[in-house]
Amino acid sequence: MRACVLTATGGIDKLQIMEVPDAPAPQAGEVRVSVRAAALNHLDLFVASGLPGTAERFPFIVGADGAGIVETVGPGVTSVQPGDRVMINPGISDYSCEFCRAGEHSLCVNYRLLGEHLPGTMAELVTVPAQNAVRGPNLSPALTWPEAAAFSLVTLTAWRMVVTRAQLRVGETALIWGIGGGVSLTSMRIAKLFGARVIATSSDDAKLAAARQLGADVTLNHRTQKVAQEVRALTNKRGVDVVVENVGAATWEDSLRCLRRGGRLVTCGATSGPQAALDLRRLFWHQWSILGSTMGNAAEYAEIVRRLGQGELRPVLDRVYPMAQARQAFERLANGQQLGKVVVEVRS
Ligand SMILES: [Zn+2]
């Protein structure tokens with residue numbers, strides 16, 4: 001089968017399109033999906049540059065997000081059948097440990113991600129547990145393959161952050177950094193669904209204009225404006241109820257300066273660096289909640305698919321590339337040019 005693979009770690013220069021052995025035939029409880037489209041995430045850039053713990057067997061198939069048609073099902077699979085159009089949930093858990101039994105699949109002790117620990121979706125075939133291949137809803141106009149591929153990772157991640165972890169409520173204000181990123185943009189759309197006020201940042205005025213079109217109440221250019229100062233002015237010195245973070249080192253101190261007493265900071269990433277300082281006296285005195293979040297559980301995934309079926313949270317696409325131009329797709333993401341999801345069509 002044709003696949004986009006890393007031939008070594010060391011960055012996106014090591015990506016190549018090549019023929020590799022087909023994804024294995026499905027075992028009991030698994031399905032093999034004929035992939036139509038795969039969407040990119042920042043995770044793919046970290047994997048390309050050599051994230052610790054990443055599979056070091058090359059060639060390694062990249063891609064966490066994907067959608068396609070069920071090609072074969074293994075013994076015992078009843079949830080889907082060959083020919084079904086499915087979206088792939090990239091978080092693979094063992095469905096048996098203490099945390100899985102409690103319904104918290106992204107806390108699984110054996111949690112693995114497609115395209116990071118397991119062969120990914122940017123290939124003509126991928127084999128996954130049946131629980132991870134979910135029929136897409138019928139929408140009008142119909143969900144396209146790139147939209148279906150772009151849905152899972154960012155929507156699941158943003159949902160758990162904003163709804164489950166930060167518990168954002170109607171009338172509250174959220175600060176969301178870097179609105180061009182998929183998780184940030186989706187977090188904003190979820191915050192608006194829940195009736196919150198959103199302050200969004202970017203270093204790019206064109207992205208800020210687009211964010212206002214998509215629902216941002218206030219936008220700040222974090223390159224030319226002092227975000228903490230502006231946020232305090234916008235909230236009568238009170239600060240915001242919730243900060244949605246995935247930038248890390250570069251924004252951490254400003255995030256804390258923007259947070260109200262008793263506020264919640266939720267983070268799922270550290271794209272600018274993982275080390276940040278925290279004065280514990282400020283933490284307890286202001287009674288902040290600092291919340292980590294990653295991916296989401298099966299119930300959260302079912303809920304976002306249900307919302308999609310109601311016409312909510314339909315993915316915002318940036319650009320779609322043919323498989324032969326997969327490296328250009330990665331370059332667009334690496335250069336931070338996108339607003340919304342960058343997608344590769346595996347089969348057109
Ligand atoms: Zn588990």
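Conventions and cut-offs
- Residues numbered from 1 in each chain as written.
- Predicted model: local features only at pLDDT ≥ 70, side-chain atom pairs only at ≥ 80, totals over all residues.
- Heavy atoms only, no water.
- Donors = N, O, S within 2.8 Å, 3.2 Å for Na, K, Ca; no water.
- Tetrahedral: all angles 85-135°; square planar, octahedral: opposite > 155°, others 65-115°.
- 1 Å grid on protein atoms, 1.4 Å probe; cavity = no way out; pocket = protein on both sides within 12 Å on 5 of 7 lines; lining within 4 Å.
- Points joined across faces, edges and corners; volume = space filled by probe spheres on them.
- Helix = DSSP H or I, 4+ residues; strand = E, 2+ residues; numbered from the N terminus.
- Nonpolar A, V, L, I, M, F, W, Y, C, P; charged D, E, K, R; others polar.
- Pairing = 2+ DSSP bridges.
- Axes fitted to C-alpha atoms, helices over the stretch in contact; angles between N-to-C directions.
- Parallel < 35°, antiparallel > 145°, perpendicular 65-115°, else oblique.
- Left-handed = near helix turned anticlockwise from the far one by under 90°.
- Contact = heavy atoms within 4.5 Å.
- Buried < 20%, exposed > 50% of the residue type's maximum accessible area, 1.4 Å probe, protein only.
- Patch = residues over 30% accessible without salt bridge, like charges linked within 9 Å, V, L, I, M, F, W, Y side chains within 5 Å.
- Areas by Shrake-Rupley, 256 points an atom, 1.4 Å probe, with all protein chains shown as cover.
- Salt bridge = Lys/Arg side-chain N within 4 Å of Asp/Glu carboxyl O.
- Phe/Tyr/Trp six-rings, centres within 6.5 Å; stacked < 30°, edge-to-face > 60°.

### Re the coordination of the zinc ion
Around the zinc ion, the donor atoms from the protein are Asp94 (OD), Cys97 (SG), Cys100 (SG) and Cys108 (SG), and they sit 2.1 to 2.3 Å away. The site at the zinc ion holds 4 donor atoms, and with the angles between them running 95 to 123°, its shape is tetrahedral. Positions of the donor residues of the zinc ion, expressed as sequence spacing, correspond to D-x2-C-x2-C-x7-C.

### Here we look at the layout of surface pockets
Of the voids in this model, the largest pocket is the one considered here, and its volume is about 980 Å³. Forming the walls of the largest pocket are 41 residues, and the residues nearest its centre are His42, Leu43, Phe46, Asn246 and Thr271. Looking at the lining of the largest pocket, the elements with two or more residues in it are helix H1 (42-49), helix H3 (145-165), helix H4 (182-193), strand E12 (197-202), helix H10 (326-334) and strand E18 (341-345). For the lining of the largest pocket, the class distribution of residues is 18 nonpolar, 20 polar and 3 charged.

### Considerations on the sheet that holds strand E2 (residues 15-19)
Strands belonging to one sheet form pairs held by backbone hydrogen bonds; the direction of such a pair is parallel or antiparallel. Strands sit in the order E2-E1-E4 across an open sheet of 3 strands; the sheet is antiparallel. Either end of the sheet is taken by a strand with one partner, and the two such strands are E2 and strand E4 (60-61). As defined by bridge partners, strand E1 (residues 2-6) adjoins E2 across 5 bridges and the pair is classed as antiparallel. Residue pairing across strands places Ala3 opposite Met18, the latter belonging to E2.

### Examining the packing of H3 against H4
With their axes 8 Å apart at the nearest point, H3 and H4 run at an angle of 50° to one another. Taken as axis vectors, H3 and H4 run oblique relative to one another. Both H3 and H4 take part in a crossing whose hand is right-handed. Facing Val154, Thr155, Thr157, Ala158, Trp159, Met161, Val162 and Val163 of H3, the residues of H4 in contact are Gly182, Val183, Thr186, Ser187, Ile190 and Ala191. Of the residues contributing to the contact of H3 with H4, the split by class is 9 nonpolar, 5 polar and no charged.

### With respect to the environment of Ala133
Here Ala133 shows up in strand E10 (residues 133-135). You can call Ala133 buried: its relative accessible area is 3%.

### Description of a nonpolar patch on the surface
A contiguous nonpolar patch, built from Leu278, Leu280, Phe284, Trp285 and Ile290 and spanning about 540 Å² of accessible area, is present on the exposed surface. Among the elements that make up the nonpolar patch, the one with the highest residue count is helix H8 (residues 280-285) (3 residues). Tracing the chain through its elements places Trp285 in helix H8. Residue classification places Trp285 among the exposed residues on the basis of a relative accessible area of 59%.

### Description of the packing of aromatic side chains
Ring pairs (aromatic) are described by centroid distance and by the angle formed between their planes. This structure, assessed with the given rule, holds 1 aromatic pair. With 5.7 Å between their ring centres and 65° between their planes, Trp159 and Phe194 make a pair best called edge-to-face. In this pair, Trp159 is assigned in helix H3 and Phe194 in the loop between H4 and E12, connecting sequence segments 35 residues apart. Classification of Trp159 by relative accessible area gives buried; the value is 5%.

### Concerning the sheet that holds strand E13 (residues 218-221)
Spatial strand order, E13-E12-E11-E14-E15-E16: 6 strands in an open sheet with parallel pairing. Strands at the two margins of the open sheet, each flanked by one partner only, are E13 and strand E16 (289-292). Recorded for the sheet is a direction-independent mean angle of 20° between the axes of neighbouring strands. Here strand E11 (residues 173-176) pairs with strand E14 (residues 240-245) via 3 bridges, running parallel. Bridged to Leu175 within E14 is Val243. Strands E11, E12 and E14 of the sheet are contacted by H4, whose axis makes an angle of about 165° with E12. Taken strand by strand, helix H5 (residues 205-213) contacts E12 and E13, and its axis lies near 170° from that of E13.

### So, the packing of H1 against H10
Direction vectors running N to C along H1 and H10 enclose 105°, while the axes themselves pass 10 Å from each other. Regarding the angle of H1 to H10, the classification is roughly perpendicular. When H1 is examined against H10, the residues His42, Asp44 and Leu45 are found in contact with a partner set consisting of Phe330, Leu333 and Ala334. Here the residues of the contact of H1 with H10 are counted per class, giving 4 nonpolar, 1 polar and 1 charged.

### Quick look at empty space enclosed by the protein
Take a probe with the size of a water molecule and roll it over the atoms, and the empty space left behind shows itself. Across all of its chains, the model carries 1 cavity of 30 Å³ or more by this definition. Of the volumes computed, that of the largest cavity is approximately 80 Å³. Ala150, Val154, Thr155, Gly182, Leu185, Thr186, Arg189, Leu313, Pro315, Val316, Gly340 and Lys341 are the residues that line the largest cavity. For the lining of the largest cavity, the secondary structure elements donating two or more residues are H3 and H4. Element by element, the count of residues in the lining of the largest cavity is highest for H4, at 4 residues. Looking at the lining of the largest cavity residue by residue, the classes come out as 6 nonpolar, 4 polar and 2 charged.

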